[in-house]
Amino acid sequence: MAAKSAPNYAHSVVHFTFFLLILFAIYPSTEALRRFTPNDAKIAKELKRKAASADTTSYGQPVAELATKLTSVDHFGSVQYSRNDTYSMRYILIWPETKPNASSPIYLFCAQEVTLPEASPGAGFYSALANSTGALQIWPEHRYYANSAPYTPTDKFAHFTIEQALVDHVELVLYVQNMFKLTTNPVIAIGSSYSGQLSSYLRMRYPDVIAGAISSSPTSFGCPGLGLDPSYDPYGFAKVATRAASSEGGSAAACPANVQKFFQTIFSLGASASGRKTINTDMSLCSDSTLASDDDVQSLALYVQNQWTTAAQYNAPIAGLGQAGVPAYRVRVACNYLKSTTLSTAQLLGNMVSALAVFNANTTTSNGCLDISGATAEPEPEAPGTAEPPSVTTLDISVASPEAEPEPNARPEPSSSDKFAYQVCNQDQTPVSFDGVTDMFFDYPFDLDANDKSCAQQYGIHSQYNWAAYNFGLSAVRQSSNIFFTNGIYDPFIACGPTVNISATITVAVYEGCHAYDMGTPYPEDPPSVTAARKQGAALIGQWVKQYNTVKTQIPLSNAANMFVLSYSLGGYTQVVNDTLAGSTSFRNQQVLNSSASYSNSVAAMV
């Protein structure tokens, strides 16, 4: 059985029996025609070839478009108005067959820390909700995560900031609103994990553009200086992971004590060569993973710690979330190997290997030994997780990522995880500590100085630990409105997010589930609290849309999109078009679209 995809920025379908099937009709907009590469043209052709009929809602069959928009690399610098300082931002539009009207909502699915194909465009509960309510969907790709990055090697992530990314989203929204003449329509920002941070930040910073925000499993509150009461607890992450392995989390009662005993045992044995040999034997460590030093023992401890915390993060009520073969409630299953209170040292070490195998469907023990060569020192927020049913057909743009011809002497492109590691170092730092007393792990406090030194060595930057506090502290949250935060109770990152209502219009739902689980496709196994969180989110969106549409008929609203004549897509929120610039002719004159007898809702028909 195929694995249910991990919830990347992503998620779908209102009812399990109503599968989201997306029919593609590629009508590139102006920028798509001007900026698409030959490979993108192949993508469009392949998407049409893969098009399949879909179950229609009362708004008709959804249609999708892959396009690009010319966007400023630097929205705030002195070279902002230079056409050379641009990149092509990929995005996907999904709209109903019945074209949106003046009151139709627009759902902005905030960009994730992955490429656009990996973000599963068109998937998830809220995408299905959009289809059922006649909403236009916008799925942008985050700057620097595109496979064909427009930046020179000398850029070194200079403009890889959350502030720049937020304006990317705002400019894209205003550009699309103008293109479809929906400049007074309410926009709802939606995201999970990192993209959930972006959705809430957009509502707080640009309330004139974003009418409301859904923010699932954000880590926005996982930093010092926010003014929270109580303040952020860096040990909370470990405590929540421990709870998932306890009887309170549905696991064997002796599990936390045995996990803690495991760490005490390997540190004790690992102090001598003979003890390390015992660990190598009893845990059947592979040749490239055997322990030969104190540092190796530390690496093993960090590996096991990370396996348990990640398992808690994705402790889903369904099997196969993220990887085929992983059971439902994986922490409970693993704890069955550690339920005895009388395990010998050899049994404890051997049973820990069996428990770890549960988390990765035996892949790390497939060669008859335990391979820990991929050990990591510290858990970081992963891409939003979402459960997708195998039979669901979502937007497949995997062909959109062909291998580009390497330039002479070019350095290899960093992976998405490497790029997100840069973001974490720069602005998204979440200090996480362990003490081995209030949790089942071992004493491993967050070392601010060592972390900052590591960031400086790797990326040449110093962490902005107070960035979120300075930009989006509690006072900023309290002065905002129309934000719905959700968190899964098994997810250790719930320690970094709000768990109680902040105000009458900044509300929170905590459900029995894992990281961003509420964003995914509904399953029969879902606990009632997950269903309730989804219903609450859908109801709030309806309330925000109604409120926005009611107010705009009572008082004259000045939508930011109306301030500009977007003849030329660079700019929008930060730049007025200068018609004297070369190539900046009117948008209408640049529109070169072929008519289609098959679809009445092409871009040409929409504007």
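For clarity, every value in this text was computed on a predicted model and none was experimentally measured.

Caption draft 1: Layout of the pattern of salt bridges. Counted under the stated rule, the structure contains eight salt bridges. One salt bridge connects aspartate 233 with lysine 239, and the closest N-O pair in it is separated by 2.9 Å. A salt bridge links arginine 534 to aspartate 526; the nearest nitrogen and oxygen atoms lie 2.8 Å apart. Owing to a relative accessible area of 3%, arginine 534 belongs among the buried residues under this scheme. Taking the relative accessible area as the measure of exposure, aspartate 526 reaches 10% and is therefore buried.

Caption draft 2: Geometry of the state of the cysteines. With the rule as written, the count across this model stands at three disulfides. Each disulfide pairs two cysteine sulfurs, and for cysteine 286 the partner residue is cysteine 369, the sulfurs being separated by 2.0 Å. Taking the sign of the S-S torsion, about 95° here, the bridge from cysteine 286 to cysteine 369 comes out right-handed. Within this pair, whereas cysteine 286 is found in the loop between helix 8 (273-282) and helix 9 (294-313), its partner cysteine 369 is found in the loop between helix 11 (345-359) and helix 12 (416-426), the two being separated by 83 residues in sequence. When sorted by exposure, cysteine 286 lands in the same class as cysteine 369, which is buried. Once the bonded cysteines of the protein are numbered in order along the sequence, the disulfide links fall as 1-3, 2-4, 5-6.

Caption draft 3: Expanded view of the environment of serine 340. With respect to the helices and strands, serine 340 occurs in the loop between helix 10 (330-335) and helix 11. In this structure, the C-alpha to C-alpha distance between serine 340 and alanine 253, residues 87 residues apart in sequence, is 9.1 Å. Of note is the side chain of serine 340, whose polar atom sits 3.1 Å from the backbone nitrogen of threonine 342.

Caption draft 4: Unusual backbone geometry, seen in detail. Unusually for a residue other than glycine, serine 120 sits at a positive phi of about 55°. Looking at the secondary structure, you find serine 120 in the loop between strand 4 (106-109) and helix 3 (125-133). In the Ramachandran plot, asparagine 482 falls in the positive-phi region, its phi being about 55° despite a non-glycine side chain.

Caption draft 5: Highlighting the pairing of strand 4. Residue alternation in strand 4 divides its side chains into two sets, Ile106 and Leu108 and Tyr107 and Phe109, and both sets are buried. Examined bridge by bridge, strand 4 and strand 5 (residues 136-140) share three bridges and lie parallel to one another. Following the sheet pairing, leucine 108 is matched in strand 5 by isoleucine 138. Viewed along the sheet, the connection from strand 4 through helix 3 into strand 5 turns out right-handed. Bridge count between strand 4 and strand 6 (residues 187-192): four bridges; the pairing is parallel. Its bridge partner being in strand 6, phenylalanine 109 is matched across the sheet by isoleucine 190.

Caption draft 6: Region of interest: the side chain of glutamine 164. Its location among the elements puts glutamine 164 in helix 4 (residues 162-179). A polar contact is formed between the side chain of glutamine 164 and the backbone nitrogen of histidine 75, at a distance of 2.9 Å. Setting aside residues no more than four positions away along its own chain, glutamine 164 makes contact with Val73, Asp74, His75, Phe76, Arg143 and His159.

Caption draft 7: Looking closely at helix 8. Within the span of helix 8, buried status applies to Gly275, Arg276, Ile279 and Asn280. Looking down the long axis of helix 8, one finds its buried residues gathered within 145° of arc, a one-sided arrangement. Within helix 8, the exposed residues directed more than 90 degrees away from the buried face are Ser274, Lys277 and Thr281. Next to the buried residues of helix 8 lie helix 7 (255-269), helix 9 and helix 11. Where helix 8 ends, the next residue or the one after it, serine 284, has phi of about 50°, a positive value.

About the thresholds
- Residues numbered from 1 in each chain as written.
- Predicted model: local features only at pLDDT ≥ 70, side-chain atom pairs only at ≥ 80, totals over all residues.
- Heavy atoms only, no water.
- Salt bridge = Lys/Arg side-chain N within 4 Å of Asp/Glu carboxyl O.
- Buried < 20%, exposed > 50% of the residue type's maximum accessible area, 1.4 Å probe, protein only.
- Disulfide = S-S within 2.5 Å.
- Helix = DSSP H or I, 4+ residues; strand = E, 2+ residues; numbered from the N terminus.
- Polar contact = N/O pair within 3.5 Å; in protein donor to acceptor, adjacent residues only side chain to side chain.
- Pairing = 2+ DSSP bridges.
- Right-handed = clockwise from strand over helix to strand, strands pointing away.
- Contact = heavy atoms within 4.5 Å.
- Arc of directions from axis to C-beta.

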